[in-house]
Each structure stands twice: as C-alpha cells, then as structure tokens.
Amino acid sequence: MKGIIMIIDGMGDRPLKELGYKTPLEAANTPNMDKLAEIGINGIMDPIRPGIRAGSDTSHISILGYDPYEVYTGRGPFEAAGIGLEVIAGDIAFRCNFSTQDENGIITDRRAGRIREGTEKISESINNLKLEGFEDIEIIFKESTGHRAVLVLRGEGISDKVSDSDPKNEGKPPKEVISLDDSQEAQKTAQILNKFVETSYELLKDHPVNLKRIEKGENPANVILPRGVGAVPNLVPFSEKYGLKAACIAETGLIKGIGKIAGMNLIEVEGATGGTDTNLENITKSIKNTAEDDNCEFILINIDGADEAGHDGQMEEKVKFIEKVDTVISEIMQIDDVYFILTADHSTPISVMDHTGDPVPIIIKGPEVRVDDVNKFSERAAVSGGLCRIRGSDVMNILMDLMNKSEKFGA
Ligand code: ZN
Ligand code: ZN
C-alpha cells in the first residue's frame, strides 16, 4: 500500500460575484475530481490552524507532520535546498536578488534588467568567497532562475536573527543589515552580510558579463541583495519518522526544498516550470512512473499554477487551470493499492491576490475509507463530508492509520 498526497497550490478561493457567487473550483468543470469525491471521504482542512494565512512552505511542513512554529524560520533554507545546494542543519540561508547599483551606491534596478543569462558566470566569482575578517565562514552562492539566487553561510557563531538588505524600492541604497537581537552571533552575521553586499559590488562592477550588458544598454547585475533569512532546521527525515520511502514531485524551488530537507527523493520533471503553462502531461507520466517504483511508498506532489493565477487575480485562468489539473486526476485515480489524498495548501482568493486562512477541501480515496455522501469537489460540498474539519497536521496521522502503519497509543 502506498500513499500519495497531491497538493494543488492555492486552489481554495472565496465566492466571486462574477461567477454567480461560486468559487473558481465550484465554477470549474471537474468530472474527475467530483468522481474522486464520490468514491472517497471528504472534509475541509485548515493547513495550520483556522484563520492562519499559511505560506506554501509552512503549510507543506504542517501537512508532512512537522511543526512549522518549531522548524520554520524563513524560506531561505528551502530555496537553497530546492536548487540543489546540500545544506546542513545550522546553515544560515538567504534568497538573493541580482540587482543594479550606480556609482553613488543607489539601487537603480532591483532585478538587474530581469537578467536571464550569465548569472552562472557571475555566481562563480561569488561562490567560495572569503570575506576579510570572517575567513572562518564558508560562503556558498548559487544562481536560481532569472534575477534570483541563494546564499548560504556556514560556520560557527552565526545567527538567523538579522534583517534584509533589499531596500524593496529603487532609488535607495542597499538597506544596512542589522541584528534583530542582542546576541554576538546576530551582530557578527549582520557584519558579514553588510560586508558581503559591499564586496559583491566590488567584485561584480567590472565583471565581463556586466561589461557586456552595459555595452548592450542593459542593467548590470553588479550587486547582490540577500533577504528571506532562515536557519536550516534539523528535521527528522520523513523516512525515519514514518518508515516510508518518499519521493517529491514539485515545480517550485520552495517545495522541492522542503522535500529535500525532509530527505525525500526529488523527481525532476521536464517542462514542469510552475505557473499555468506547465507541462501537466510530463508531470502525470512522472507520477505514474514513480508510483510503479517498488522503492517508493509515498509521493508528495505539488502543482503550482492555481496559486499563480490567484496571485495575479486571473479568475478565468484559475478556473481553466483547475480544469486542466482535473485530467491529471483521472490518471492518478487508476493507480491501484494506494491511498490518494487530494487537497490544497491554502486558499489564494482572486479577490485578495494573496493567501488567506480560508480552509481548503480534502478528499481521501482508498480501499478502506468510509465513503460519504459528498459527490462534488469544492470548498462548500466538502463541509458535509465524513472527515469533517481537520488540520494539516492531522493528515499524516490519518494516512498512516488507514495504511495500518500506525502504532497504538496506550494498551
Ligand atoms: Zn502554496
Ligand atoms: Zn502563493
């Protein structure tokens, strides 16, 4: 028996006047999800707690049975792990922007002309940098997509209690990083970061990639601005926690990073770029292949597009994308010997264009579930289901129990 949790990122929503007071999920034509609801047990889920606006990261952490309030300090570590850096517990990790700074020290473009090419070469001259006075701290730096990158600090006496250097608006200098508590560690880390930002400009202002960009009239990527700090948590590996060999199929670096830090096997899918124009066919194939692998007992799947449409306020795009995902469901439903859980990690309502605390629908399909009367997959239909209202942190317990892999509590 295997377990599959499929999370449609940001699928939950609120009723929209334009849709006759239906949610995008209610308005979408989803025969397969509805069938799944009919043959499964349904409910609604608060990813963290009722009313808490979960991030994708904290929600996934919670659904996997880890306590986000204990292990989560920021998204940096997950972004770093998600692009393949081997982070270890205690590392301090940041997301970064390649930005453009003028000779007066003012940020003129936070995204360095939305740079696409050459960031690998630029990163090579930053990676393994030794900062004067902090030679004991290892600096690991790698480009991500576009103008994004990650920075990892490794060594003794550093802390995640520091502020961002990104000024958030153009026309200002990089923000001075300050320590957020009185510890020596935080003060040292703030000094390291300020030195890092300053040194990055010195190293990059005449970098060949940038000289070429300037020649072409493009903004150079001549300064690096870290933000989103977090300490890499010490997670009990998923396989140890549940005795299940696990794989993760995700599109965004953030969710891949969560899978990686939980010790899951990351499955790369060609064309799974996230967003609404991702390659769902390849994702489906990859899910089926992974489910057939005897070495895999649990799969975490995250599909990103509905969240993106929500953030962009694109109602029709969200409805259409949910309908596209519905075709993926028809294929997964055919996998035998599996408890299949379909849900979302939070709501991303069109009207809010960000995450909200509205609960999300959840279905569990499998050989021994107590099938209820719900026959439609939606935020409202799910309320009358047999699971009633659960929390994200209940999901793995329920799954382990259904799979008969739980230990009895008491005599
Ligand atoms: Zn999300
Ligand atoms: Zn989101």
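Please read all numbers here as calculations on a predicted model, not as lab measurements. (Residues numbered from 1 in each chain as written. Chains lettered and ligands numbered in written order. Predicted model: local features only at pLDDT ≥ 70, side-chain atom pairs only at ≥ 80, totals over all residues. Heavy atoms only, no water.)

Caption draft 1: Highlighting the overall build of the protein. Helix and strand counts for the protein come out as 14 helices and 13 strands. Against the globule reference of 22 Å for 411 residues, the protein gives a C-alpha radius of gyration of 23 Å, in line with a compact fold. When its C-alpha atoms are laid out on the principal axes, the protein stretches across 65 × 55 × 40 Å. Across the 411 residues that make up the protein, the buried fraction comes to 55%. Within the protein, contacts between residues at least 6 apart in sequence are counted, and of these 73% link residues at least 24 apart. For the protein, the computed accessible surface area is about 18,100 Å², with 45% contributed by carbon and sulfur atoms. Taken as two groups, the 46 positive and 69 negative side-chain charges of the protein have centres that lie 2 Å from each other. (Helix = DSSP H or I, 4+ residues; strand = E, 2+ residues; numbered from the N terminus. Rg over C-alpha atoms; globule rule 2.2 N^0.38 Å. Buried < 20%, exposed > 50% of the residue type's maximum accessible area, 1.4 Å probe, protein only. Contact = heavy atoms within 4.5 Å. Areas by Shrake-Rupley, 256 points an atom, 1.4 Å probe, with all protein chains shown as cover. Lys, Arg positive; Asp, Glu negative; His and termini not counted. Charge placed at Lys NZ, Arg CZ, Asp CG, Glu CD.)

Caption draft 2: The arrangement of the layout of surface pockets in detail. The volume enclosed by the largest pocket comes to roughly 1,300 Å³. In this structure, the largest pocket is lined by 41 residues; those nearest its centre are R75, E79, R95, R148 and T252. Put simply, the parts of the chain that give the lining of the largest pocket at least two residues each are α3 (56–63), α5 (76–82), β3 (92–101), β6 (148–154), α10 (253–261) and α12 (305–311). At 4 residues, the largest contribution of residues to the lining of the largest pocket is made by α10. Of the residues that constitute the lining of the largest pocket, the class distribution is 8 nonpolar, 15 polar and 18 charged. Mapped onto the domain boundaries, the lining of the largest pocket takes at least three residues apiece from domain 1 (2–72 + 234–402) and domain 2 (84–230). (1 Å grid on protein atoms, 1.4 Å probe; cavity = no way out; pocket = protein on both sides within 12 Å on 5 of 7 lines; lining within 4 Å. Points joined across faces, edges and corners; volume = space filled by probe spheres on them. Nonpolar A, V, L, I, M, F, W, Y, C, P; charged D, E, K, R; others polar. Domains from an automatic or database assignment.)

Caption draft 3: Main features of the coordination of the zinc ion (ligand 2). Here the zinc ion (ligand 2) is held by the protein donor atoms D307 (OD), D307 (OD), H311 (NE2) and H355 (NE2), which lie 2.0 to 2.5 Å from it. One can describe the donor arrangement at the zinc ion (ligand 2) as irregular, given that its 4 donor atoms subtend angles of 54 to 143° at the metal. Counting gaps between the donor residues of the zinc ion (ligand 2) yields the pattern D-x3-H-x43-H. (Donors = N, O, S within 2.8 Å, 3.2 Å for Na, K, Ca; no water. Tetrahedral: all angles 85-135°; square planar, octahedral: opposite > 155°, others 65-115°.)

Caption draft 4: The coordination of the zinc ion (ligand 1), seen in detail. Around the zinc ion (ligand 1), the donor atoms from the protein are D9 (OD), D9 (OD), S56 (OG), D345 (OD) and H346 (NE2), and they sit 1.9 to 2.8 Å away. The metal-metal distance between the zinc ion (ligand 1) and the zinc ion (ligand 2) is 4.5 Å. Taking the relative accessible area as the measure of exposure, D345 reaches 0% and is therefore buried.

Caption draft 5: Expanded view of the side chain of H355. With respect to the helices and strands, H355 occurs in the loop between β11 (338–343) and β12 (360–365). For H355, the side chain forms a polar contact with the side chain of D307, separated by 3.4 Å. At 3.1 Å, the side chain of H355 forms a polar contact with the side chain of H311. With near-sequence residues (within four places) excluded, H355 lies in contact with R53, A54, G55, S56, D307, H311, H346, S347 and T348. (Polar contact = N/O pair within 3.5 Å; in protein donor to acceptor, adjacent residues only side chain to side chain.)

Caption draft 6: Highlighting the packing of aromatic side chains. Under the defined criterion, the tally for this structure stands at 5 aromatic pairs. Between F98 and F141 the ring centres are 5.9 Å apart and the planes differ by 85°, which places this aromatic pair in the edge-to-face class. With F98 in strand β3 and F141 in strand β5 (residues 138–143), the pair connects residues that are 43 residues apart, well separated along the chain. Considered together, F98 and F141 belong to a single accessibility category, that of buried residues. Aromatic rings pair up to connect F98, F141 and F196 into one cluster. The lysine or arginine in question, K241, covers the ring of Y66, its NZ or CZ lying 5.0 Å from the ring centre. (Phe/Tyr/Trp six-rings, centres within 6.5 Å; stacked < 30°, edge-to-face > 60°. Lys NZ or Arg CZ within 6 Å of the ring centre and 35° of its normal.)

Caption draft 7: Fine view of the packing of α3 against α10. Packing of α3 against α10 brings their axes to within 10 Å, and their N-to-C directions diverge by 30°. One element, α3, and the other, α10, form an angle in the roughly parallel class. The crossing of α3 and α10 is right-handed. Packed against α3, whose contacting residues are S56, D57, H60 and I61, the element α10 presents L254, I255 and I258 at the interface. Broken down by class, the residue content of the contact of α3 with α10 amounts to 4 nonpolar, 2 polar and 1 charged. (Axes fitted to C-alpha atoms, helices over the stretch in contact; angles between N-to-C directions. Parallel < 35°, antiparallel > 145°, perpendicular 65-115°, else oblique. Left-handed = near helix turned anticlockwise from the far one by under 90°.)

Caption draft 8: Seen up close, the packing of helix α11 (residues 280–292) against helix α13 (residues 315–332). At a minimum axis separation of 10 Å, α11 and α13 run at an interaxial angle of 25°. With respect to each other, α11 and α13 are oriented roughly parallel. Of the two elements, α11 crosses α13, and the hand of that crossing is right-handed. Facing α11, whose interface residues are L280, T284, I287 and K288, α13 presents F321, K324, V325, V328, E331 and I332. Of the residues contributing to the contact of α11 with α13, the split by class is 6 nonpolar, 1 polar and 3 charged.

Remember that the coordinates give geometry; whether it matters functionally is a separate question.
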